Amino acid sequence: MEMNLPAARHPAVQAFLDQGDRPMLVGGAWVAGGAERWMEARDPATGERLARFPDSDTSDVDRAVSAARAAFEAGVWPAMTPSQRGRILWRVAELIEAHLEELAELETLDQGKPLWVGKFAEIPGAVEQFRFFAGQASRIEGHTVPTSINYQPPGKEVFAYTVKQPVGVVAAIVPWNSPLVLTAMKLAPALAAGCTVVLKPAEDTSLTALRLGELMVEAGLPPGVLNIVTGRGDVVGAALAAHPDVDKLSFTGSTQVGRSVLAAAAGNLKKVTLELGGKSPVIVLADADLDAAIAGAANAIFFNSGQVCVAGSRLYVHRDVYTQVVAGIAEVARGLKLGHGLDGATQIGPLVSRKQADRVAAYIRQAEAQGARVVAGGRQLGPQGTFIEPTVLVDVRPDMACVREEIFGPVVVVSPIDSLDEALALANDTDYGLAASVWTRDLSSGHRAAARLKAGTVWLNTHLMFDASLPIGGMKQSGWGRESGQGAVENFLELKTVCAVL
Ligand code: NAD
C-alpha cells in the first residue's frame, strides 16, 4: 500500500505540533495537569508521534469542575444577555470557518480520516452547530400558564408562569470517530443555554478539541466557561460521570460505556443524555433506482471507514435485485482507494488505532468461521496494520455477531428479503435503534416503512444526511435524548414554575 504524503503540512498545523506538549484548559489557564503525566497523539496511518497532551487524574477533574462551578455561580456567562452569548457562539463559528483547512488537516493526522471528510462534511458541520445554537440562545422561552386552583384565596388572583434556566455544570464526553463535530454538537447547545462545561475528548483524538479551545478563548468565552480535561476514559470520564458537583452528563460513545456512565451518574442523580451505538439497516426494495441505491448503500457503510454511529452496516435487498446489488456494492468496495488521509486520492483512510483495526478484523474472521462469505475486501493492511479493506459479507444468519453487534469499521452484511414486511421485521430485530434507510421509488412504501422502523432517524433514498436543524439520536439501546435541532438546547435547561397570588 502506497503512503503518499504532501511535502509540507499546513503552517498552522505544523506550528501547533511544533509546540510538542499541548496543555489543557482549566479555569481559563492552559495547564499540564497536576501529575504532569502525558499521553501521545499518533498518526494512525504511519505511527508518527504528533504531540503529547495531559494524562489527567481525578484531582484535575476536581479542579476543572470547580472552575466550571465558579464560572456558573459567579454568573458571568449565564448572566450575559442571550444576544451576547449568541454573538460569542457566532464568533466561534466564524473562527472555525476561518481555520477550516487547518482543523481538517489536524483531524486527519490525529484520527486518520480522508481530508475531504473534514473539509466538506465535519468541520462545516461544526460551524453550523455554532451558528444554529447562536440563534437558539435568544429563543429560550417559558410560558404564562392559566390555572384553575379551587383553593386560591377569595378575591385574589393567581399568576403563574414557567421559566427555563441553565442546568448548571455540564460534563461532555466525546468519542473518537468524528471528534470536532461531535464536540460542537454538545458545546454549542450547552453554552447557548448558559451552562458551563467540562469537556473530555477521546484519548485517541484530543488535538482538535484543544485547538478548538484556543479558538473559543479567542472568540471571547469567559474563563472557566469551557474547561478541557484530556486523559483516559476510565479515569477522567468515569470521574466526571460520578462527580457530585456535575449537574448534567452529555455522553456520546459505545452502549457498553453508556451503561457504566449512567450507573455512575446515579450518585447525585445528574441529568443524563446518551448518544450510543448503532447497527443501522439499509433496505433496498425491488423498485429502487439501483444505481443510486448501490452508491448510497456503499457510502452508508464505507464513509469514514464505517466509523460512524449511524453507518448502514446491515443491508437488506429484495431477492429480485439481490445479485445485482451485491455485485454493485462489491465493485464499489474493490474500487475504493486506501491511503493516507492527506493524500488527495484517498477515499478510505486507516481506522483510528491498531486496537480498533484488530477488533474489526476479528469480527471478519469470526464471521468467516461461522460460514459467512467475503465477496469483497476482508484484509487488514498498512504499515501499522490500521487499514481494513472495505468488506462485503454475504451468507450471514440473523444470530451471527457480525449481524447483531456494532463492528464500527467498513464491514457490511448483506441479506436477501422477499417483502417489505420481512425487511422491516429483520431491520427491527436489533437492540439498537439509531437510524435506517429505505430505497424505493414508491412514496407509500417509503413512508410506511418510515413509520414502522424503530430508529431515531429514517432516511428515504439517502443515508448520512445531517444538519444542525435535524434531531439525531437513538431509540432502544442507542441512547436517551436527541442532539441537534431546536429541542437540543432543552437538554441543558431546567424548567421552573413560578406561581404567585396577587
Ligand atoms: P467509548 O464508549 O469507548 O468512548 C467514548 C468516550 O467515553 C471516550 O471519550 C472515552 O474516553 C470515554 N470513556 C471510556 N470509558 C469510560 C468510562 N468508564 N467512564 C466514562 N467515560 C469513559 O466509544 P468510542 O469507541 O470512543 O466511540 C465509538 C462509539 O461511539 C460507537 O459505539 C459509536 O456508535 C458511538 N457513537 C455514537 C454517536 C451517536 O450520536 N449516537 C456518535 C458517534 C459515535
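What counts, and at which threshold
Residue indices begin from 1 for each chain and proceed along its sequence in written order. Given that the model is predicted, a residue must reach a pLDDT of at least 70 before its local features are reported, and side-chain atom pairs must reach 80 or more before they are shown or counted; all residues, however, enter totals for whole chains, interfaces and linings. Computation of side-chain values covers all heavy atoms of the structure but excludes hydrogens and water. Put simply, two rings from Phe, Tyr or Trp (the six-membered ring, in Trp's case) pair if the centres are within 6.5 Å, and we call them stacked under 30 degrees between planes, edge-to-face over 60, tilted for the rest. Going along the chain from the N terminus, every DSSP run of H or I of four or more residues is numbered as a helix, and every run of E of two or more is numbered as a strand. Two conditions define a charge sitting above a ring: the NZ of Lys or the CZ of Arg must be within 6 Å of the ring centre, and it must be within 35 degrees of the ring normal. If DSSP finds at least two bridges between two strands, the strands pair. For the exposure calls, accessible area comes from a 1.4 Å probe over protein chains only, and a residue counts as buried if that area is under 20% of its type's maximum, exposed if over 50%, partly exposed in between. Between N or O atoms, a polar contact is any pair within 3.5 Å; within protein, one atom must be a potential hydrogen donor and the other a potential acceptor, and residues adjacent in sequence are included only when both atoms are from side chains. Contacts are assigned to residue pairs with any non-hydrogen atoms lying within 4.5 Å of each other. In this analysis an axis means a line fitted to C-alpha atoms, helices contributing only their contacting stretch, and an angle means the value between N-to-C directions, from 0 to 180 degrees. Should an angle fall under 35 degrees it is called roughly parallel, over 145 degrees roughly antiparallel, and 65 to 115 degrees roughly perpendicular, with every other angle called oblique. Just so you know the grouping, Ala, Val, Leu, Ile, Met, Phe, Trp, Tyr, Cys and Pro go in nonpolar, Asp, Glu, Lys and Arg go in charged, and all remaining residues, Gly too, go in polar.

Q: I'm lost on the packing of aromatic side chains in this one. Help?
A: For any two aromatic rings, the description comes down to two numbers: the centre-to-centre distance and the angle of the planes. Under the criterion given, the structure shown has five aromatic pairs. Their ring planes at 75° and their centres at 5.3 Å tell us that tryptophan 176 and phenylalanine 408 sit as a pair that is edge-to-face. Taken together, the residues span a long stretch of sequence, with tryptophan 176 in the loop between β7 (169–173) and α6 (179–193) and phenylalanine 408 in the loop between α13 (401–404) and β18 (411–417) at a distance of 232 residues. Its guanidinium or amino end placed over the ring of tryptophan 90, arginine 131 lies 5.1 Å from that ring's centre, counting from NZ or CZ.

Q: I tried to follow the pairing of strand β6 (residues 158–166) on my own but got confused; where do I start?
A: Looking along a regular strand, one sees the side chains alternate between the two faces of the sheet. When strand β5 (residues 144–145) meets β6, the two strands line up antiparallel, connected through two bridges. Each residue of the ladder has a partner; that of threonine 144, found in β6, is tyrosine 161. Of the pairings in the sheet, the one linking β6 to strand β22 (residues 493–501) comprises nine bridges and is antiparallel in character. Across the sheet, residue valine 158 finds its bridge partner in β22, namely valine 501.

Q: Please explain the side chain of threonine 386 as it appears in this structure.
A: Checked against the element boundaries, threonine 386 lands in the loop between β15 (380–381) and β16 (387–388). Look at threonine 386 and you get buried, because its relative accessible area is 2%. For threonine 386, the side chain forms a polar contact with the main-chain oxygen of proline 44, separated by 2.7 Å. Ignoring sequence-local partners within four residues, the contact set of threonine 386 consists of Pro44, Ala45, Pro350, Leu351, Ser353, Arg354, Ala357 and Leu381.

Q: I keep staring at the packing of helix α5 (residues 115–136) against α6 and nothing clicks. Help me out?
A: Each pair of packed helices can be summarised by the angle the axes make with each other and by the distance between the axes. Put simply, α5 and α6 touch, their axes get as near as 8 Å, and they point 5° apart. Taken together, the axis directions place α5 and α6 in an arrangement best described as roughly parallel. Facing α5, whose interface residues are Glu122, Ile123, Gly125, Ala126, Gln129, Phe130 and Phe133, α6 presents Leu180, Val181, Ala184, Met185, Leu187, Ala188, Pro189 and Ala192. Looking at the contact of α5 with α6, its residues break down into twelve nonpolar, two polar and one charged.

Q: So what exactly am I meant to see when it comes to the sheet that holds strand β19 (residues 435–439) here?
A: Paired through their backbone hydrogen bonds, the strands of a sheet run either parallel or antiparallel. Pairing is mixed across the open sheet formed by seven strands, whose spatial order is β14-β17-β18-β13-β12-β19-β20. Of all strands in the sheet, those bounded by a partner on one side alone are β14 (373–376) and β20 (457–460). Going from strand to strand, the sheet's axes swing by 25° on average, the running direction of each strand aside. Direction of pairing for strand β17 (residues 391–394) relative to β18: parallel, over a ladder of three bridges. From the neighbouring strand, valine 392 faces β18, where its bridge partner is valine 412.

By themselves, these figures tell us nothing about what the structure is for.
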